[in-house]
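Letter by letter, the chains look like this.
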Amino acid sequence: MINFQTIKAAKHICIRTQSDSFANASAVYTYILTLHKKVSLVSPEPVDVKFSFLPWFDKKRDIVPSSADVVLDISCKTKELYDFFITNQIKINKKMATSLYASLLKENNGFHKRDTDGIDFALASELISLDAEYKLCHEYLNARVGLYEFRLKAVLFKNFVLTDDAKAVEVFISDDELKEIGSKLSD
């Protein structure tokens with residue numbers, strides 16, 4: 001987890017994250033800015049465009065800057081990060097609350113995962129009371145469909161092969177087709 005003393009002592013902090021924990025990294029980025037420290041946000045892989053509403057989406061870089069004296073790897077779950085903020089008496093502002101809510105929403109698949117429990121809903125409620133822009137999070141993470149998804153559906157429909165007297169469908173997609181439409185196998 002994040003070392004509070006390391007953050008306090010550093011002059012330039014680099015936050016390194018992956019796409020799936022970008023929202024939490026955005027919350028940490030906001031916190032470090034409140035300390036008036038130089039901070040960079042690095043994601044070596046592309047971040048899902050559905051997170052483009054988050055406050056620091058356009059600040060991300062691909063490589064760690066050489067001037068950074070501390071590199072924080074953020075890969076924690078939302079509950080862990082929230083507990084870190086509370087334990088260290090860090091005031092959660094609107095941008096941090098929105099980022100944490102977005103991460104919680106993504107982790108719980110829009111609160112549709114089977115193992116979503118009351119703690120998740122209690123945390124969501126707490127973040128909303130801290131002014132998280134929850135409607136914006138739901139709009140971007142649940143309601144919007146990227147152009148690549150339409151292209152993916154078109155390719156899948158084109159590649160349908162009816163079998164068993166049209167009672168079953170086989171579908172194939174190649175790596176080249178995925179690359180061409182800007183999609184990946186997990187989509």
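Use the structure listed above.
Here the structure is a predicted model, which means the values were calculated and not measured.

Novice: In this structure, what is going on with the packing of helix α2 (residues 22-34) against helix α3 (residues 78-87)? I would like to understand it.
Specialist: Packed helices, taken two at a time, are described by the angle between their axes plus the distance between the axes. The interhelical angle for the contact between α2 and α3, taken along N-to-C directions, is 15°, at an axis separation of 10 Å. Between α2 and α3, the angle falls in the class roughly parallel. As for how α2 packs across α3, the hand of that crossing is left-handed. The segment α2 lies against α3, with Asn-24, Ala-27, Val-28 and Tyr-31 engaging Thr-78, Leu-81 and Phe-85. Its residues assigned to classes, the contact of α2 with α3 comprises five nonpolar, two polar and no charged.

Novice: How do you make sense of the environment of Leu-162 when you look at a structure like this?
Specialist: Relative to the elements of secondary structure, Leu-162 occurs in strand β5 (residues 161-163). The class of Leu-162 is exposed, set by a relative accessible area of 57%. Ignoring sequence-local partners within four residues, the contact set of Leu-162 consists of Ala-168 and Val-169.

Novice: Could you clarify how one ought to interpret the packing of aromatic side chains in this entry?
Specialist: To describe a pair of aromatic rings, one takes the distance between the centres and the angle between the planes. The full count for this structure, using the stated rule, is ten aromatic pairs. Their ring planes at 45° and their centres at 5.1 Å tell us that Tyr-29 and Trp-56 sit as a pair that is tilted. On the criterion of sequence distance, the pair formed by Tyr-29 in helix α2 and Trp-56 in the loop between β2 (38-42) and β3 (60-61) is long-range, its members being 27 residues apart. There is no split in this pair, since Tyr-29 and Trp-56 are both buried. In textbook terms, an aromatic cluster arises when at least three aromatic residues are bridged by ring pairs, as seen for Tyr-101, Phe-111, Phe-121 and Tyr-134. The aromatic ring of Phe-57 is capped on one face by Lys-60, whose charged end is 4.9 Å from the ring centroid.

Novice: Could you clarify how one ought to interpret the sheet that holds β2 in this entry?
Specialist: The strands making up a sheet associate through backbone hydrogen bonding, with each pair oriented either parallel or antiparallel. The four strands are arranged β3-β2-β1-β4 in an open sheet whose pairing can be described as parallel. The open sheet has two edge strands, β3 and β4 (70-74), and neither has a second partner. Here strand β1 (residues 12-17) pairs with β2 via five bridges, running parallel. When the bridges of β2 are listed, Cys-14 appears paired with Ser-40.

Calculation notes
- Once a new chain begins, its residue numbering starts again from 1 and follows that chain's sequence as written.
- Note on the predicted model: pLDDT of at least 70 is required for a residue's local features to be given, and 80 or more for side-chain atom pairs to be given and counted; whole-chain, interface and lining totals, by contrast, use all residues.
- Side-chain metrics rest on all non-hydrogen atoms present in the structure, leaving aside hydrogens and water.
- Only the stretch in contact is used when a helix axis is fitted, and all axes are lines through C-alpha atoms; the angle between N-to-C directions ranges over 0 to 180 degrees.
- What counts as a helix is a DSSP run of H or I of at least four residues, what counts as a strand is a run of E of at least two, and both are numbered from the N terminus.
- Any angle that is under 35 degrees is reported as roughly parallel, and any over 145 degrees as roughly antiparallel; angles of 65 to 115 degrees are reported as roughly perpendicular and all others as oblique.
- Working rule for handedness: look at the near helix, and if it is turned counterclockwise from the far one by less than a right angle, call the crossing left-handed; if clockwise, right-handed.
- Any pair of residues with heavy atoms lying within 4.5 Å of one another is described as a contacting pair.
- Throughout this entry, Asp, Glu, Lys and Arg are counted as charged residues, while Ala, Val, Leu, Ile, Met, Phe, Trp, Tyr, Cys and Pro are counted as nonpolar. The remaining residues, Gly among them, count as polar.
- Each residue's exposure class comes from its accessible area (1.4 Å probe, protein chains only) as a fraction of the maximum for that residue type: buried when under 20%, exposed when over 50%, partly exposed otherwise.
- To pair, rings of Phe, Tyr and Trp, with the six-membered ring standing in for Trp, must have centres within 6.5 Å; the planes then decide the type, stacked if under 30 degrees apart, edge-to-face if over 60, and tilted in the middle.
- Definition used: whenever NZ (Lys) or CZ (Arg) falls within 6 Å of the ring centre and also within 35 degrees of the ring normal, the charge is taken to sit over that ring.
- Strand pairing is assigned whenever DSSP detects at least two bridges linking the two strands.

In short, the description is geometric, and any link to function would need to be established separately.
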